[in-house]
Amino acid sequence: MDWWRTAVVYQVYIRSFADANGDGDGDIAGIRSRLPYLRDLGVDAIWITPWYPSPMADGGYDVADYRAIDPRFGRLEDARGLLADAHALGLKVMIDIVPNHTSSEHRWFREALAASHGSASRARYHFRDGRGPGSAEPPNNWRSVFGGPAWTEAPEDGASPRQWYLHLFDETQPDLNWDNPEVRAEFESILEFWLDIGVDGFRIDVASFLLKAPGLPDLPERSEAISRAEDPASWDPAAHPYENVGGLHEIYRRWHAIAQRHGAVFCGEVHLPPAFTARYLRSDELHTAFNFDFALRPWDAGAFRQSIDATLASCSAVGAPPTWVLGNHDLPRPVYRYGRPGAVPANDGWNAWGRIEPSDRGRGLARARAAALLYLALPGSAYIYQGDELGLPEVLDLPDEARRDPTFRRSGGSDVGRDGTRIPMPWSGDQPPFGFGPPGSRPWLPQPADWRELSVEAEAGRPGSTLELYRAALRIRRDDPGLAAGSFRWLASPASTLLFGRGGGFACAVNLSTEPMPLPSGARVILASARVGSDHILAPDSAAWLVLDGAGTEATWPS
Ligand code: NOJ
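A brief structural summary. (Residues numbered from 1 in each chain as written. Predicted model: local features only at pLDDT ≥ 70, side-chain atom pairs only at ≥ 80, totals over all residues. Heavy atoms only, no water.)

### Quick look at unusual backbone geometry
With the exception of glycine, most residues fall at negative phi, and the peptide bonds are largely trans. Here the amide bond leading from Pro432 into Pro433 is cis, since omega sits at 5°, within 30 degrees of zero. Note that Pro433 resides in the loop between helix 12 (406-410) and helix 13 (456-459). Backbone geometry places Met56, a non-glycine residue, at a positive phi of 65°. Looking at where Met56 falls in the secondary structure, it is placed in the loop between strand 2 (45-48) and helix 2 (76-88). Classification of Met56 by relative accessible area gives buried; the value is 10%. (Helix = DSSP H or I, 4+ residues; strand = E, 2+ residues; numbered from the N terminus. Buried < 20%, exposed > 50% of the residue type's maximum accessible area, 1.4 Å probe, protein only.)

### Here we look at the packing of helix 4 (residues 181-197) against helix 6 (residues 248-262)
Interhelical geometry of helix 4 versus helix 6 gives an angle of 20° and a closest axis separation of 10 Å. Of the possible angle classes, the one that applies to helix 4 and helix 6 is roughly parallel. Crossing geometry of helix 4 relative to helix 6 is assigned as right-handed. Here Arg184, Phe187, Glu188, Leu191, Glu192, Leu195 and Asp196 of helix 4 lie close against helix 6, whose contacting residues are Ile251, Arg254, Trp255, Ile258, Ala259, Arg261 and His262. Residue composition of the contact of helix 4 with helix 6, grouped by class: 7 nonpolar, 1 polar and 6 charged. (Axes fitted to C-alpha atoms, helices over the stretch in contact; angles between N-to-C directions. Parallel < 35°, antiparallel > 145°, perpendicular 65-115°, else oblique. Left-handed = near helix turned anticlockwise from the far one by under 90°. Contact = heavy atoms within 4.5 Å. Nonpolar A, V, L, I, M, F, W, Y, C, P; charged D, E, K, R; others polar.)

### Quick look at the environment of Leu326
Relative to the elements of secondary structure, Leu326 occurs in the loop between strand 10 (323-325) and helix 10 (334-337). C-alpha separation for the pair Leu326 and Trp4, spaced 322 residues apart in sequence, amounts to 18 Å. Apart from residues no more than four positions distant in its own chain, Leu326 is found in contact with Phe294, Leu331, Pro334, Arg337, Tyr338, Ala368, Ala371, Ala372, Tyr375, Tyr383 and Tyr470.

### Structural notes on the packing of aromatic side chains
Applying the stated criterion across every chain, the model contains 35 aromatic pairs. Centre to centre, the rings of Tyr37 and Trp427 are 5.0 Å apart; their planes meet at 80°, and the pair counts as edge-to-face. You can see Tyr37 sitting in helix 1 (residues 28-41) and its partner Trp427 sitting in the loop between helix 12 and helix 13, a full 390 residues away along the chain. A single burial state applies to Tyr37 and to Trp427, both of which are buried. A centroid spacing of 4.9 Å and a plane angle of 70° characterise the contact between Phe109 and Tyr165, whose relative ring orientation is edge-to-face. Residue Phe109 is found in helix 3 (residues 107-114), and its partner Tyr165 is found in strand 6 (residues 163-166); the two are separated by 56 residues along the sequence. On the accessibility criterion, Tyr165 (7% relative accessible area) is buried. (Phe/Tyr/Trp six-rings, centres within 6.5 Å; stacked < 30°, edge-to-face > 60°.)

### Some thoughts on the site of the ligand
Contacts to the ligand come from 14 residues, most closely from Asp58, Asp205, His329, Asp330 and Arg418. The protein chains hide 100% of the 300 Å² of surface that the ligand would expose on its own. Of the residues contributing to the shell around the ligand, the split by class is 5 nonpolar, 2 polar and 7 charged. (Near = heavy atom within 4 Å. Areas by Shrake-Rupley, 256 points an atom, 1.4 Å probe, with all protein chains shown as cover.)

### Observations regarding empty space enclosed by the protein
Enumeration according to the criterion identifies 8 cavities of 30 Å³ or more in this entry. Estimated volume of the largest cavity: approximately 120 Å³. What lines the largest cavity is a set of 18 residues, and nearest its centre among them are Pro274, Thr277, Ala289, Phe290 and Asn291. Taken together, the elements giving at least two residues each to the lining of the largest cavity come down to helix 7 (274-277), helix 8 (292-295) and helix 9 (301-318). Here the element with the most residues in the lining of the largest cavity is helix 9; it accounts for 3 residues. By residue class, the composition of the lining of the largest cavity is 12 nonpolar, 5 polar and 1 charged. (1 Å grid on protein atoms, 1.4 Å probe; cavity = no way out; pocket = protein on both sides within 12 Å on 5 of 7 lines; lining within 4 Å. Points joined across faces, edges and corners; volume = space filled by probe spheres on them.)

### Let's talk about the pairing of strand 3 (residues 92-97)
Most of strand 3 is tucked away, with 5 of its 6 residues classed as buried. For the crossover from strand 2 across helix 2 to strand 3, the handedness is right-handed. Relative to strand 7 (residues 201-204), strand 3 is paired through 4 bridges, and the arrangement is parallel. Directly across from Ile95, in strand 7, lies its bridge partner Phe202. (Right-handed = clockwise from strand over helix to strand, strands pointing away. Pairing = 2+ DSSP bridges.)

### Let's talk about the nonpolar core
By size, the foremost hydrophobic cluster in this structure holds 143 residues, and its most contacted members are Tyr10 and Trp51. In terms of residues, this core owes the most to one element, helix 11 (residues 361-376), which gives 8 residues. Judged by nonpolar contacts, the second largest core, of 14 residues, contains Trp142, Val145, Trp164 and Leu166. (Core = buried A, V, L, I, M, F, W, Y, C linked by side-chain atoms within 4.5 Å.)

And the structure:
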């Protein structure tokens, strides 16, 4: 069985994981020092967010040089050392590749700004004359994901009219022109560079954005953001001018061939409904893609069930493993999301942090723990975002001057951005930096003073802690190969609950209702997110892993 089909992958957000040299940013030496923690947690692989030289305008997703390591994180030698250490511990290592855009500090973009209109240097990006008199209006109506127009005027170069360049994200992240063979060749060579160094795979940043429709046509009147958020059913991913453009598949077929030669894999950041995502998962394209459909579902049994069914159906149609995601560095923490009253809207997505809403931390934590047992019991691969195994909450009260996410600035402060989910990890001790860096060091984002009880040190060995829940779940998952790879079937259960069997008598029950639920008769509880007493009652907002009587026969659930 290929490791990636069932792997539990831990996402290391490098800036916030562990800071060995005390400069406030996490680093490779910090990751190396914490690898035993990850091995003991029970994950199979890590994915490290971008570690390349970068001005950090977007946390490293603005890459200035794809073949080096940012000095704040270490050197290439450290990366080699990390790979050796991880492999010695049996951990695979995936790194982030950011092909949609470079940093404006990348040599190519500097050359493009210095070069003339129509030059080969500008043809690596999307430079266009503006619309209207004096070229004063952007070339089309596309919006940046981070707010504001997706176009910025290039600095004065003496030529008239001035040109604009495209950036679907920050203005320091110019979009590359993927119709240009030079761009394609460069990225194939970058993949080879890291594969030769020994990485086991790549997470592909905004994998569905690379190609743009010829002529860069306007978005239809109802913009993507509006139609997708308010009316997902009418949003047509097949007719979008910069997302899911058909020729992408050819690019990924070539990438697949490269990866195959090295035994490496891809995970695509594809923000599309499951049926569309699956088209990237055909056997000669990407191996896996993040399941955002699942991650963005509200705390609602029907919604989860629908997402699980759609995911399993679309993945099995192409023979790809599903992935299950609860959080990442772009999403508000599950504890916050699930703690909000009512059903969290389905569009509560990666570019919609927006306003801060009231959230009940106790309820959110209970649900996040239950969600952990839900997603780790599903067939396929699962992603754990650093700190979710501790039940970290979203940090909502960062002072404005501490915020670093370009979304905050580009939205004029109306969108608080993603910093609250990127707070440096609490490892130990009573006060900041909680072992993230040496005593006295100042993390790049401030940590809440009351995170003492949430540190790894505080939760390790504490019965019932979220860390111990994750450790136990991963241990059980590892001991029972049928759990990650085996069969799946829904079993009868009352409304607002989920019950499914995974073969060998294993079942997972989740109570998303407001009423206590009796567990199926004869069920033995092997792990639960909240205490299950001798009455065999599963509390609201909790989940349990069970062994059912009669190994895999139909469960009976008293109604
Ligand atoms: C997706 C990344 O996860 C996010 O952090 C980044 O801002 C955008 N892509 C742009 O690279």
